[in-house]
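# Coordinate inspection notes
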Amino acid sequence: MSQAYTPGLTITPFAKLRKVRKLPIKGEVLVGIGEWVKPESVVARALLPGPAHIVKAGEILGVAGEDLERHLLKRVGDKVEENEVIASSTSFFGLSKKFVRSPIKGTIENISPITGNITIREEPKPLLLPAYVEGEVVEILPSEGVVIETKGAFLQGIFGVGGERWGKLRVVVSSPAEPIREIKEELKGCVIVGGTIDGEMLRRASEVGVKGVVVGGIYDEVLRDFLGYDIGVAITGQEDIPLTLIIMEGFGELPISQRAFNLFKRFDGFLASINGATQIRAGVMRPEIIIPHKEEMPAFEVKLMNQLLEGTRVRVIREPYFGLLGKVLALPPEPRILETGAKARVAEVLLDNGERVVVPRANLEIIID
Amino acid sequence: MAKAILAVDCGSTTTKAILFTDEGGWHLVSRGEAPTTVEAPFDNVMLGLYNAVRELEELTGREMLKGDSFLIPSTNGKGVDLFLATSSAGGGLQMLVMGVVKTMTAESAHRAALGAGAIVVDCIALDDGREDFQRIQRIREIRPDIILLAGGTDGGTITHVVSLAEMLSAAEPRARLGNLPIPVIYAGNKDAREEVKRILGDKFSVIITENIRPRLEIENLAPAREAIHELFLQHVMRQAPGYNFLMEATTHPIMSTPNAVGLMVQLLAKRLGGNVLAVDIGGATTDVFSVFSQTYNRTVSANLGMSYSICNVMVEATIPLIQRWLPFDVSPKEIRNSLRNKMIRPTTIPQTLKDLYIEQAVAREALRLALEHHKSLARSLVGVQRERTVGDLFVQTTGGETLINMSRVDMIIGSGGVLSHAPKRAQAALMMIDAFQPAGITYLAVDSIFMMPHLGVLSSVLPDVAEEIFWRDCVVPLGSLIAPMGTIREGEVAVSLEGKESLGEVRFGEVKVFPLKDEGEFLIKPHRALDLGEGKGREVVRKLKGGLVGLIVDCRGRPLQIPSQEEKRKEWLRRTYQAFSLPLPGEAR
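Residues numbered from 1 in each chain as written. Chains lettered and ligands numbered in written order. Predicted model: local features only at pLDDT ≥ 70, side-chain atom pairs only at ≥ 80, totals over all residues. Heavy atoms only, no water.

## Describing the overall build of chain A
Regarding its fold elements, chain A presents 4 helices and 28 strands. Taken over C-alpha atoms, the radius of gyration comes to 28 Å for chain A, far larger than the 21 Å a tight globule of 369 residues would show. Judged by the C-alpha coordinates and their principal axes, chain A covers about 100 × 55 × 40 Å. Looking at the 369 residues of chain A, the share that counts as buried comes to 53%. Taking contacts inside chain A between residues at least 6 apart in sequence as the whole, the part at least 24 apart equals 63%. On chain A, roughly 16800 Å² of surface is accessible, and the fraction owed to carbon and sulfur atoms is 51%. Positive and negative charge centroids in chain A, built from 46 and 49 side chains respectively, lie 2 Å apart. (Helix = DSSP H or I, 4+ residues; strand = E, 2+ residues; numbered from the N terminus. Rg over C-alpha atoms; globule rule 2.2 N^0.38 Å. Buried < 20%, exposed > 50% of the residue type's maximum accessible area, 1.4 Å probe, protein only. Contact = heavy atoms within 4.5 Å. Areas by Shrake-Rupley, 256 points an atom, 1.4 Å probe, with all protein chains shown as cover. Lys, Arg positive; Asp, Glu negative; His and termini not counted. Charge placed at Lys NZ, Arg CZ, Asp CG, Glu CD.)

The structure is reproduced here in structure tokens:
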């Protein structure tokens with residue numbers, strides 16, 4: 001049986017992966033070299049400076065910035081409680097009193113004699129960085145984070161939404177094209193795999209508490225309804241959604257590739273770490289599925305487009321033969337004129353349905369037998 | 001004297017290297033291209049650049065590299081005399097701009113940043129409708145390369161601009177590249193300079209320039225633009241992977257890509273003595289450049305493009321507006337999934353006419369939205385009291401009108417894959433006509449292989465050479481467009497046209513294309529209710545240039561009168577496509 005995958009996207013039963021886990025700002029590393037970590041292990045932490053609030057004290061008291069000084073009850077560097085009075089003024093012989101209160105608990109950072117504004121910063125918030133993958137800490141990045149080495153299966157999808165999550169991998173269909181039709185309560189906390197998924201099943205997965213859904217294809221309307229909005233630019237990973245969704249092949253009714261499906265079946269029940277973050281630009285970032293295991297085996301070699309040869313198994317990734325599989329019959333060196341009138345380098349392909357067609361090489365993916 | 005010039009543009013996706021030589025006249029020799037390597041795993045812009053130059057070496061047979069060194073100057077047909085570069089790699093120059101009043105200092109700061117080739121990630125103003133904490137939160141989230149802070153007129157109150165500085169200090173944004181403090185260009189009230197330095201000096205690298213609005217009625221953008229350009233080279237470029245090598249390798253300073261295109265557009269407008277509109281529609285962004293009444297403006301619509309951003313066009317324009325340009329049936333579901341698949345596999349190309357026309361329909365909407373964006377920023381100063389003449393008595397304007405008048409544009413140049421590489425030149429012409437709806441008489445052209453950036457940077461060194469190559473190899477003339485303004489009954493004679501002989505009439509609702517390769521003088525007579533720019537019913541005698549498409553007479557109305565009834569709309573589109581001799585899906589070609 002042949003398997004399809006997108007050039008540049010990796011689908012391998014075994015790879016040695018190094019995950020750099022870095023804090024967004026400097027902090028403290030909590031693990032040592034050689035330590036074995038689980039996805040949920042906290043490997044580093046940092047204190048994120050709290051957000052600042054600006055209080056228009058001069059305006060509230062009705063005094064100019066330069067006169068604010070004599071109304072202040074607190075100074076730069078002082079700690080304040082929420083609702084604590086930080087400045088006040090009296091007028092009409094003490095009959096009228098005005099107060100400026102701190103809207104938050106924090107520290108006074110700046111008092112401006114020009115604007116009469118007081119800047120108060122919230123207390124720093126701890127940020128805990130999880131390991132995300134199970135593996136061994138092999139490098140410490142002082143004050144920044146760690147590098148974790150893990151060995152296992154590694155698969156990249158073509159598009160995803162939702163960030164880092166982990167759970168037990170469960171294949172819930174029996175063939176790559178089969179849609180997910182049922183999600184039982186026992187799948188709570190799991191990463192489930194199926195051919196396709198509709199809106200109802202996505203809602204059900206969220207209700208049950210499924211951590212991740214991996215499918216071959218999905219209709220764009222289903223994704224829009226699930227997110228509640230249309231994705232504009234292809235930069236994802238930060239969505240506020242209850243599960244991470246990874247699409248392996250594309251939009252529409254596309255089965256998961258046989259190769260990927262076989263891998264998922266083989267590691268059914270294993271712990272998987274997944275991330276839907278996608279960025280389709282220079283420096284492409286694709287969603288990933290990491291399934292750590294201890295079985296040593298040769299890593300799968302990735303073939304690239306320039307290795308397209310006569311006899312190569314391919315899949316068409318654009319209309320009019322979108323999604324169909326076939327075999328390259330010939331690679332004419334001269335560009336051909338397409339139906340559009342454009343000139344392009346093409347391949348002659350014998351589709352599995354027996355049809356002989358011409359397809360621009362840019363619209364083909366190599367399939368590994 | 002230079003005999004060979006190598007110019008490269010390091011784009012966000014591809015690096016394009018072009019060789020120009022002087023063989024009794026300057027001309028384009030060839031072009032090589034390779035993926036840009038500014039991000040992981042390569043992290044060095046030079047790798048992609050070497051690949052592009054090596055491809056150029058293979059294509060031209062001219063050796064330009066020895067190992068990793070460029071052969072400069074040229075000797076015995078080897079090497080080059082000038083090596084120039086432009087760049088928008090790594091997402092270009094990303095800026096945050098801040099001003100006190102949204103439609104005044106903030107808008108001037110916005111224009112200064114755009115004119116200097118930046119992508120403006122946000123424009124903060126004290127009247128932008130957000131609360132202080134929301135502004136601070138937003139500033140914390142974005143990671144700009146440079147911040148431009150403006151506000152207040154010289155001698156006026158400093159309170160507001162100082163409060164902006166305080167906000168910036170409270171937010172403490174982090175730089176996108178590297179760990180150095182973010183440069184803040186202060187171009188506001190000069191009386192606040194010391195205070196701004198005091199507030200921001202510890203956290204940022206503060207650069208002081210002249211006030212962008214020294215008086216309400218004066219906009220002084222040049223000093224801020226120069227400061228941005230200088231910082232782009234000194235600060236942002238040096239942080240980008242491999243740029244130090246590139247800066248050492250080039251014979252002249254690197255320029256940002258949009259800045260270089262802008263230079264070329266300005267040079268062209270100066271030479272033509274007219275109004276010019278240029279557009280570059282890419283995979284991620286669409287840039288619009290204009291020179292109207294000698295005023296140069298440039299905008300970038302950061303999320304309107306034909307691959308990475310194609311679905312954002314779908315979201316912003318909506319599917320019905322994309323569908324309205326398609327002369328055949330296609331369901332919204334099909335459009336959605338097809339655009340999504342283009343987004344995730346951006347290097348695929350349309351194989352069928354139907355697929356091509358869906359992309360071209362999206363391009364029309366991306367161009368239309370980018371022009372709307374441009375019009376909203378290229379406008380006269382707001383809040384300025386003006387002397388009025390008797391003629392203005394009944395015209396109530398308070399400033400802020402757009403400078404872009406589509407009945408006064410003399411030339412439109414289109415650039416970017418979907419326009420430059422459209423299988424038929426008539427498709428490029430029709431996309432621009434439908435999207436921009438120029439009125440009156442306009443000359444249309446496309447950039448042959450996207451070399452405006454290369455020529456722009458060349459124009460900063462050898463302007464005459466850049467211009468010579470521009471007319472010889474860059475501009476592909478499409479032809480002149482005659483489009484009367486106004487509406488009459490469909491089927492009535494809208495325009496009659498006489499050249500050396502009578503060309504005939506064009507009825508309202510129709511578009512006709514007459515063959516015209518070179519230049520000819522024409523008498524154009526509009527219907528008494530229609531206007532060609534000289535007044536209703538006024539005849540125009542004009543020398544008109546032809547091109548690969550010809551002389552286009554578009555009497556479909558301005559604004560375009562698109563039939564609302566579905567079948568009529570498709571029929572209307574089919575007639576339009578046929579007028580341009582464009583094939584329709586399912587027809588024998």
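On we go from here.
## A few points about the overall build of chain B
When helices and strands are counted, chain B shows 17 helices and 24 strands. On C-alpha atoms alone, chain B measures out to a radius of gyration of 25 Å, which is about the 25 Å that the 2.2 N^0.38 rule sets for 589 residues. Judged by the C-alpha coordinates and their principal axes, chain B covers about 70 × 70 × 50 Å. The buried share among the 589 residues of chain B stands at 60%. Long-range contacts, defined as pairs at least 24 residues apart, comprise 68% of the intrachain contacts of chain B with a sequence gap of at least 6. Here chain B has roughly 22800 Å² of accessible surface; of this, 49% comes from carbon and sulfur atoms.

## A word on the sheet that holds strand E3 (residues 28–29) of chain A
One open sheet accounts for 3 strands, arranged E3-E5-E12 (chain A); its pairing is antiparallel. The open sheet has two edge strands with one neighbour each: E3 and strand E12 (125–130) of chain A. (Pairing = 2+ DSSP bridges.)

## Some thoughts on the pattern of salt bridges
It is possible for side chains bearing opposite charge to pair when their charged atoms get close. Within this structure, the stated rule accounts for 66 salt bridges over all chains. A salt bridge links glutamate 178 of chain A to arginine 181 of chain A; its shortest N-O distance comes to 3.6 Å. Classification of arginine 181 of chain A as exposed rests on a relative accessible area of 60%. Residue arginine 318 of chain A is joined to aspartate 355 of chain B by a salt bridge in which the shortest nitrogen-to-oxygen separation is 2.8 Å. Residue arginine 318 of chain A is found in the loop between strand E22 (313–316) and strand E23 (325–330), and its partner aspartate 355 of chain B is found in helix H12 (residues 353–377); the two belong to separate chains. Aspartate 355 of chain B sits in the buried class, given a relative accessible area of 5%. (Salt bridge = Lys/Arg side-chain N within 4 Å of Asp/Glu carboxyl O.)

## Quick notes on the environment of glutamate 219 of chain B
Residue and element names in this part refer to chain B. Structurally, glutamate 219 is set in the loop between strand E11 (205–208) and helix H6 (222–239). Each C-alpha atom, one on glutamate 219 and one on proline 423, is 44 Å from the other, the two residues being 204 residues apart in sequence. Excluding its chain neighbours within four sequence positions, the residues that come into contact with glutamate 219 are Ser108, Arg111, Ile212, Arg213 and Leu381. A polar contact is formed between the side chain of glutamate 219 and the side chain of arginine 111, at a distance of 2.8 Å. (Polar contact = N/O pair within 3.5 Å; in protein donor to acceptor, adjacent residues only side chain to side chain.)

## A few points about the packing of aromatic side chains
Note on aromatic pairs: each is described by the distance of the centres and the angle between the planes. Evaluation of the coordinates by the stated rule reveals 6 aromatic pairs over all chains. Between phenylalanine 267 of chain A and phenylalanine 270 of chain A the ring centres are 5.1 Å apart and the planes differ by 80 degrees, which places this aromatic pair in the edge-to-face class. A relative accessible area of 1% means that phenylalanine 267 of chain A is categorised as buried. Taken together, Tyr50, Phe70 and Phe83 of chain B form an aromatic cluster joined through their ring pairs. (Phe/Tyr/Trp six-rings, centres within 6.5 Å; stacked < 30°, edge-to-face > 60°.)

## Notes on the nonpolar core
Membership of the largest hydrophobic core comes to 120 residues, with the highest contact counts inside it found for Phe159, Val213 and Phe264 of chain A. In terms of residue count, H12 of chain B provides more of this core than any other element does, 12 residues in total. Look past the residues within four positions of valine 213 of chain A in its chain and what remains in contact with it is Ile180, Ile192, Ile197, Leu202, Ala205, Leu243, Thr244, Leu245 and Ile246 of chain A. Grouped together as the second largest cluster of nonpolar side chains are 58 residues, Val8, Ile212, Met237 and Leu246 of chain B included. (Core = buried A, V, L, I, M, F, W, Y, C linked by side-chain atoms within 4.5 Å.)

## Observations concerning helix H4 (residues 159–171) of chain B
All names here are of chain B. A rise of 1.5 Å per residue sets the reference length of H4, with its 13 residues, at 18 Å; its end C-alpha atoms lie 18 Å apart and thus fit the reference within 8%. For H4, the tally of buried residues reaches 11 of 13 residues, placing the bulk of the element in the interior. Those residues of H4 not exposed but buried are Val161, Val162, Ser163, Leu164, Ala165, Glu166, Met167, Leu168, Ser169, Ala170 and Ala171. Remark: glutamate 172 follows H4 within two positions and exhibits a positive phi of approximately 45 degrees. (Expected span 1.5 Å × (residues − 1).)

## Let's talk about the sheet that holds strand E11 (residues 118–122) of chain A
Residue and element names in this part refer to chain A. What the 4 strands build is an open sheet, ordered E6-E11-E10-E7; its pairing is antiparallel. Each edge of the sheet is formed by a strand with only one pairing partner; in this case those strands are strand E6 (52–55) and strand E7 (79–80). Across 2 bridges, the pairing between E7 and strand E10 (residues 106–111) is antiparallel. Its bridge partner being in E10, lysine 79 is matched across the sheet by threonine 107.

## Looking at the pairing of strand E20 (residues 502–507) of chain B
The side chains of a regular strand alternate between the sheet's two faces. All names here are of chain B. Where strand E19 (residues 493–498) and E20 come together, 5 bridges link them in antiparallel fashion. Of the residues in E20, the one forming a bridge with valine 493 is arginine 507. The turn joining E19 and E20, which pair antiparallel and follow one another in sequence, is formed by 3 residues.

## Observations concerning the interface of chain A and chain B
Often the size quoted for an interface is simply the accessible area lost on bringing the parts together. On the side of chain B, 51 residues touch chain A, which itself brings 59 residues to the contact. When chain A packs against chain B, the two sides together hide about 4700 Å² of surface, and 52% of this comes from carbon and sulfur. Linking chain A with chain B are 10 salt bridges. Scanning the region where chain A abuts chain B turns up 23 residue pairs in polar contact (both at pLDDT 80 or more). (Buried area = accessible area lost by both parts, 1.4 Å probe.)

## Some remarks on helix H17 (residues 566–579) of chain B
Residue and element names in this part refer to chain B. Under the 1.5 Å per step criterion, the end-to-end length of H17 is 20 Å for 14 residues, consistent within 8% with the ideal 20 Å. Of all the positions in H17, only Arg569, Lys570, Trp572, Leu573, Thr576 and Tyr577 are classed as buried. Taken down its axis, H17 places every buried residue within 160 degrees of arc, on the same side. Considering only its buried residues, H17 is in contact with helix H10 (319–323), H12, helix H14 (425–436) and strand E21 (511–514). Immediately beyond the C-terminal end of H17, within one or two residues, lies serine 581, with a positive phi of roughly 55 degrees. (Arc of directions from axis to C-beta.)

## Side note on the packing of helix H3 (residues 132–141) of chain B against H4 of chain B
Residues and elements named next belong to chain B. Direction vectors running N to C along H3 and H4 enclose 55 degrees, while the axes themselves pass 9 Å from each other. The pairing of H3 with H4 is recorded here as oblique in orientation. The hand of the H3/H4 crossing is right-handed. Along the contact surface, H3 presents Asp132, Arg135, Ile136, Ile139 and Arg140, while H4 presents Met167, Leu168, Ala170 and Ala171. Residues of the contact of H3 with H4, tallied by class, amount to 6 nonpolar, no polar and 3 charged. (Axes fitted to C-alpha atoms, helices over the stretch in contact; angles between N-to-C directions. Parallel < 35°, antiparallel > 145°, perpendicular 65-115°, else oblique. Left-handed = near helix turned anticlockwise from the far one by under 90°. Nonpolar A, V, L, I, M, F, W, Y, C, P; charged D, E, K, R; others polar.)

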